[in-house]
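Single-letter residue listing:
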Amino acid sequence: MKLSAGRCSQVSDRPEVTGRVINIQRFSIHDGPGTRTVLFMKGCQMRCAWCANPESQDLRPEVFVDESKCDGCARCQPYRRAFFERPDVALLPDRTAPDSTACRALKRTSEIIALDEVMARLRRDEPFYRLSGGGVTLSGGEAALQPDFCRAVITACREEGLHTAVETAGFASWKNVWLTCGQADLILYDLKMSTDELHVRYTGVSNRRIIRNLEMLLEAGKKVRIRVPVIPGVNDTETESDRLMALIRSTTLGYSNFDGIDLLPYHRYGVHKYRMLGKSYPFETRHNESRPADMAVMKNAALRWMLMTDEDACVPALNQPVHFQERPHRHQISRHPEMPEYQASCKNRFKIINPVHVYL
């Protein structure tokens, strides 16, 4: 972190690099340490049933149609007909997409932005980063789908002394994951489910590559913090929560660069955005759970597998301690009564947080 009060240099000889983002969110406190600015990149290969930002999935430009803001001006009709009648309307060049000032009911879901413009925006909040120990986080969508732009942003931030973090689900080639994350100070790594079958059902993709990329980031010495979205009826059951925490424990065992885990409770704040994209909310069509996520079940599983919370960092020894083989395969872990009592050295390794990344 840059400690001087002087302004960052605004003169750049960097090559022009652009990326497509859906939002640049200032003053975030849930996406890494301190006060941060988060760049939400567009594009994701996963199709999580509960995704709160469906506009982040497709790399192509899209348009929101908000009927509640329609004043009957009819200026949107050519775009509106094309949007609902032709799925490929998103292929229209940006210059022909409707501008939000022309019709209140229509809004672009993303923008193409140059590296220099990103850095100019980030410099506005440098005093807040410096005072809070914050910085810049790249999220998504999936940041690893725009690796060159993300790497350019991180490189520029590092040159100016800004702390950097990347939030990723890890479903990309190792080359792209490393290009995106290799220079970042912190990796916020999403893990959703332990079993491949369940992962395919609710995200559309296998979790094998995700787990392997996590292992490689840990082996490379990158500081990694794991984030778990807690989804009712999906991974908050006794069986799945236990398997997931066992997977995290076995994968991270022995790595001092493992920074702990966060639990992110399920919410429905992004459901209206599916309607504005002319889509149905997948979680409702394939799952009938209406209850909140059972955070206690996931938390208790974390306690059993020695992944402690801040407030419970000094609890007594576990009733059912666990035994681990040296770098075991995740399915080879078993409980064992001879495990030494837990030492309260996991402080600040686990948090329950409630970030809400919904914006219009």
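Residues numbered from 1 in each chain as written. Predicted model: local features only at pLDDT ≥ 70, side-chain atom pairs only at ≥ 80, totals over all residues. Heavy atoms only, no water.

### Focus: the overall build of the protein
Secondary structure assignment for the protein yields 11 helices and 13 strands. Residue burial in the protein is summarised as follows: out of 360 residues, 53% are buried. Considering only residue pairs separated by 6 or more positions, the protein has 74% of its internal contacts joining residues 24 or more positions apart. When the accessible surface of the protein is summed, it comes to about 16800 Å², and 49% of that surface belongs to carbon and sulfur atoms. (Helix = DSSP H or I, 4+ residues; strand = E, 2+ residues; numbered from the N terminus. Buried < 20%, exposed > 50% of the residue type's maximum accessible area, 1.4 Å probe, protein only. Contact = heavy atoms within 4.5 Å. Areas by Shrake-Rupley, 256 points an atom, 1.4 Å probe, with all protein chains shown as cover.)

### Quick notes on unusual backbone geometry
Cis rather than trans, the peptide bond between Gly140 and Gly141 has omega equal to 10°. Following the sequence through the fold, Gly141 ends up in the loop between strand 6 (135-139) and helix 4 (147-159). Positive phi is not limited to glycine here, since Phe27 has a value of about 60°. With respect to the helices, strands and loops of the structure, Phe27 is situated in strand 1 (residues 18-28). Overall, Phe27 belongs to the partly exposed group, its relative accessible area being 41%. Of note in the backbone geometry, Met306 takes a positive phi value of approximately 65° without being a glycine. Residue classification places Met306 among the buried residues on the basis of a relative accessible area of 6%.

### Concerning the nonpolar core
A general feature of soluble globular proteins is that nonpolar side chains tend to end up buried together. Counting 75 residues, the largest nonpolar core has Leu39, Trp50, Phe149, Ile226, Met245 and Ile248 as its most contacted members. It is helix 4 that provides the largest number of residues to this core, a total of 7 residues. Excluding anything up to four places from it in sequence, Ile226 contacts Tyr189, Leu191, Leu214, Ile248, Thr252, Phe258, Gly260, Ile261 and Asp262. (Core = buried A, V, L, I, M, F, W, Y, C linked by side-chain atoms within 4.5 Å.)

### Structural notes on the confidence of the model for the protein
Taken over all residues, the pLDDT of the protein has a mean of 79, while the share at 70 or more is 72%. Throughout residues 1-9 the model reports pLDDT below 50, and contacts reaching past four residues in sequence, or to other chains, amount to 22 contacts. In the predicted structure, residues 309-348 sits below a pLDDT of 50 and forms 66 contacts with residues beyond four places in sequence or in another chain. (pLDDT = per-residue confidence, 0-100.)

### Remarks on the pairing of strand 7 (residues 163-168)
For strand 7, a buried count of 6 out of 6 residues is recorded, marking the element as mostly surrounded by other parts of the structure. On strand 7, burial covers both faces: His163, Ala165 and Glu167 on one face and Thr164, Val166 and Thr168 on the other are all buried. Read as a crossover between parallel neighbours, the route from strand 6 over helix 4 to strand 7 is right-handed. Across 4 bridges, the pairing between strand 7 and strand 8 (residues 186-190) is parallel. Across the sheet, the residue bridging to Thr168 is Tyr189, located in strand 8. At this point the chain moves from strand 7, through helix 5 (residues 174-181), to the parallel strand 8, and the crossover so formed is right-handed. (Right-handed = clockwise from strand over helix to strand, strands pointing away. Pairing = 2+ DSSP bridges.)

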